[in-house]
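Residues per chain are reported as follows:
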Amino acid sequence: MAVLDWLLDSDPALRWQVQRDLTDAPPDDIAAERRRIADEGWGARLLAAQGDDGQWDGGACFPAGWWAADHRDDEAQPWTPTLPTLQLLVYFGVDPADARVRRAVELVREKCRWDYDDLPFFTGEVDCCINGRTLAIGVYFGQNVDGIVTRLLADQLGDGGWNCYAEETGSVRSSFASTINVLEGLFAYERAMGGPPEVREARRRGEEYLLERSLLRRRSTGEIVDPRWLQLSFPLRWQYDVLRGLEYFSAVGGRPDPRLAEAVDLVRSKQQPDGTWLLENKLPGKVYFELEDGDGRPSRWNTLRATRVLAWYDQR
């Protein structure tokens with residue numbers, strides 16, 4: 001089966017993006033496929049899992065009762081609560097105007113509160129990784145997230161990035177994961193609001209933090225920060241990998257920065273002889289259902305993601 005046919009032989013959440021980005025399908029056909037996300041397949045299953053309390057699995061970032069229970073030190077964080085579920089619906093591209101989607105988001109706004117300080121979901125909390133994702137989600141679903149933006153601008157560190165442990169430890173050194181989560185949220189906000197200058201400036205400083213490090217290296221020694229970042233994961237939650245970094249820069253668009261070349265070459269080198277890319281680092285943790293066949297197997301999501309990035313980069 002040709003790669004394009006294989007990609008199209010999938011769930012509506014992925015198929016409509018393949019149609020939009022890799023084919024000449026008519027806009028009406030693409031829109032019709034996108035509308036199916038809330039009706040069938042992965043999107044419908046996630047929407048159906050929302051509880052009467054307006055949350056998924058009883059909590060905002062963690063399941064109900066998670067912090068009161070005893071957990072093994074190596075026990076993985078579950079990906080079934082509200083934040084990772086809404087993040088996945090955004091990945092899917094579910095239509096925010098769909099009546100069922102609007103009602104689900106209304107319930108989150110009215111009923112879901114953060115585990116940390118009991119504040120309403122779209123108010124955000126203290127963790128910049130969480131706030132970056134919540135900002136992107138809120139923008140996507142048309143919610144007021146101005147307060148999160150104000151907090152994230154204040155949380156930016158001197159090196160240009162962000163660190164979710166800064167609140168707890170006082171760290172002044174940024175992290176790749178925190179920075180990419182915030183950058184994605186700020187870019188979504190900037191695009192929706194017409195580019196407030198202070199947001200644009202903060203975002204560009206954050207971009208420079210990643211570019212100075214070629215998306216994967218320590219600035220001080222040039223060493224790879226984390227070998228896991230060289231492996232392709234999906235879906236990503238708060239975690240970072242080089243493809244996620246490249247996806248951000250391709251979404252922003254424009255002429256690719258030369259400092260992206262090493263990360264691009266890495267992604268290009270991972271293409272298989274049959275034209276696909278593999279799932280290489282499935283994140284542990286409870287999920288509602290699997291989206292891929294497992295590590296070492298061809299990944300429709302990673303193939304789509306890598307193809308889009310390389311198409312942007314190669315147009316330079």
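See above for the structure.
## Remarks on the nonpolar core
Okay, step 1: Within the largest apolar cluster, 83 residues are counted, with the highest numbers of intra-cluster contacts made by Phe 92, Phe 121, Leu 135 and Leu 260.
Okay, step 2: It is helix α10 (residues 176-193) that contributes the most residues to this core, nine residues altogether.
Okay, step 3: The residues contacting Leu 260, other than those within four sequence positions of it, are Leu 211, Leu 215, Leu 246, Phe 249, Trp 312 and Tyr 313.

## As for the environment of Arg 151
Okay, step 1: By secondary structure assignment, the location of Arg 151 is in helix α8 (residues 146-155).
Okay, step 2: Sequence separation between Arg 151 and Glu 125 is 26 residues, and the spatial gap between their C-alpha atoms is 9.0 Å.
Okay, step 3: When sequence neighbours within four positions are dropped, the list of residues in contact with Arg 151 reads Glu 125, Val 126, Asn 131 and Glu 167.

## Brief notes about the pattern of salt bridges
Okay, step 1: Taken as a whole and assessed by the stated rule, the structure comprises 26 salt bridges.
Okay, step 2: One salt bridge connects Glu 40 with Arg 36, and the closest N-O pair in it is separated by 2.7 Å.
Okay, step 3: The partly exposed category is assigned to Arg 36, whose relative accessible area is 29%.
Okay, step 4: In this structure, the salt-bridge partner of Lys 270 is Glu 280, at a minimum N-O distance of 3.1 Å. Of the two residues, Lys 270 is situated in the loop between α13 (261-269) and β1 (277-278) and Glu 280 in the loop between β1 and β2 (298-299); the sequence distance between them amounts to ten residues.
Okay, step 5: Take Glu 280: its relative accessible area is 25%, and that puts it in the partly exposed class.
Okay, step 6: Overlapping salt bridges, with partners in common, bring together Arg 15, Glu 33, Arg 36 and Glu 40 in one network.

## Thoughts on the side chain of Asn 131
Okay, step 1: Along the chain, Asn 131 falls in helix α7 (residues 128-140).
Okay, step 2: By relative accessible area, Asn 131 is classed as buried at 1%.
Okay, step 3: In this view, Asn 131 contacts Gly 124, Glu 125, Val 126, Ile 148, Arg 151 and Leu 152; residues no more than four positions away in its chain are not counted.

## A few points about unusual backbone geometry
Okay, step 1: The peptide bond linking Phe 234 to Pro 235 adopts the cis configuration, its omega dihedral lying at -5°.
Okay, step 2: For Asp 57, which is not glycine, the phi dihedral falls at a positive 55°.
Okay, step 3: Turning to its location among the elements, Asp 57 is positioned in the loop between α4 (41-48) and α5 (82-92).
Okay, step 4: By relative accessible area, which is 28% here, Asp 57 ends up partly exposed.
Okay, step 5: Unusually for a residue other than glycine, Asp 118 sits at a positive phi of about 65°.
Okay, step 6: Structurally, Asp 118 is set in the loop between α6 (99-111) and α7.

## Some words on the packing of helix α2 (residues 12-22) against helix α3 (residues 27-35)
Okay, step 1: Orientation of α2 relative to α3, taken along the N-to-C sense of each, is 165°, at an axis distance of 8 Å. In terms of axis orientation, α2 runs roughly antiparallel to α3. Crossing geometry of α2 relative to α3 is assigned as left-handed. Side by side, α2 and α3 meet where Pro 12, Arg 15, Trp 16, Gln 19 and Arg 20 of the first sit next to Asp 29, Ile 30, Glu 33 and Arg 34 of the second.
Okay, step 2: For the contact of α2 with α3, the per-class residue count stands at three nonpolar, one polar and five charged.

## Concerning the packing of aromatic side chains
Okay, step 1: Following the criterion strictly, the structure yields 16 aromatic pairs and no others.
Okay, step 2: Measuring from ring centre to ring centre gives 4.7 Å for Trp 114 and Phe 121, while their planes differ by 15°; the resulting arrangement is stacked.
Okay, step 3: Given the relative accessible area of 2%, Trp 114 is considered buried.
Okay, step 4: On the accessibility criterion, Phe 121 (0% relative accessible area) is buried.
Okay, step 5: Ring geometry for Phe 121 against Phe 122: centres 5.0 Å apart, planes inclined by 85°, an arrangement best described as edge-to-face.
Okay, step 6: Taking the relative accessible area as the measure of exposure, Phe 122 reaches 7% and is therefore buried.
Okay, step 7: Through pairs of rings, three or more aromatic residues link up here, namely Trp 42, Tyr 91, Phe 92, Phe 234 and Trp 301.

Reading the values: rules and limits
- All residue numbers refer to positions counted from 1 along the written sequence of the respective chain.
- In keeping with the model being predicted, local features are shown solely for residues with a pLDDT of at least 70 and side-chain atom pairs are shown and tallied solely at 80 or more, while totals for entire chains, interfaces and linings include all residues.
- Excluding hydrogens and water, the side-chain values take into account all heavy atoms of the structure.
- Think of a nonpolar core as a cluster: buried Ala, Val, Leu, Ile, Met, Phe, Trp, Tyr and Cys residues, connected wherever their side-chain atoms sit within 4.5 Å.
- The buried label goes to any residue with under 20% of its type's maximum accessible area, the exposed label to any with over 50%, and the partly exposed label to all in between, with areas taken from a 1.4 Å probe on protein chains only.
- The helix and strand labels rest on DSSP assignments: H or I over at least four residues marks a helix, E over at least two residues marks a strand, and numbering proceeds from the N terminus.
- Two residues form a contact once any of their heavy atoms are found within 4.5 Å.
- What makes a salt bridge here is a side-chain nitrogen of Lys or Arg within 4 Å of a carboxyl oxygen of Asp or Glu, nothing more.
- Axes here refer to lines fitted to C-alpha atoms; in helices the fit is confined to the stretch in contact. Angles between the N-to-C directions go from 0 to 180 degrees.
- In what follows, roughly perpendicular refers to angles from 65 to 115 degrees, roughly parallel to angles under 35, roughly antiparallel to angles over 145, and oblique to any angle outside these ranges.
- In this scheme the crossing of two helices becomes right-handed for a clockwise turn of the near helix relative to the far one and left-handed for an anticlockwise turn of less than a right angle.
- Residues are grouped as follows: nonpolar covers Ala, Val, Leu, Ile, Met, Phe, Trp, Tyr, Cys and Pro; charged covers Asp, Glu, Lys and Arg; every other residue, Gly included, is treated as polar.
- Any two rings among Phe, Tyr and Trp, with Trp reduced to its six-membered ring, count as a pair given centres within 6.5 Å; such a pair is stacked if its planes are under 30 degrees apart, edge-to-face if over 60, and tilted if neither.

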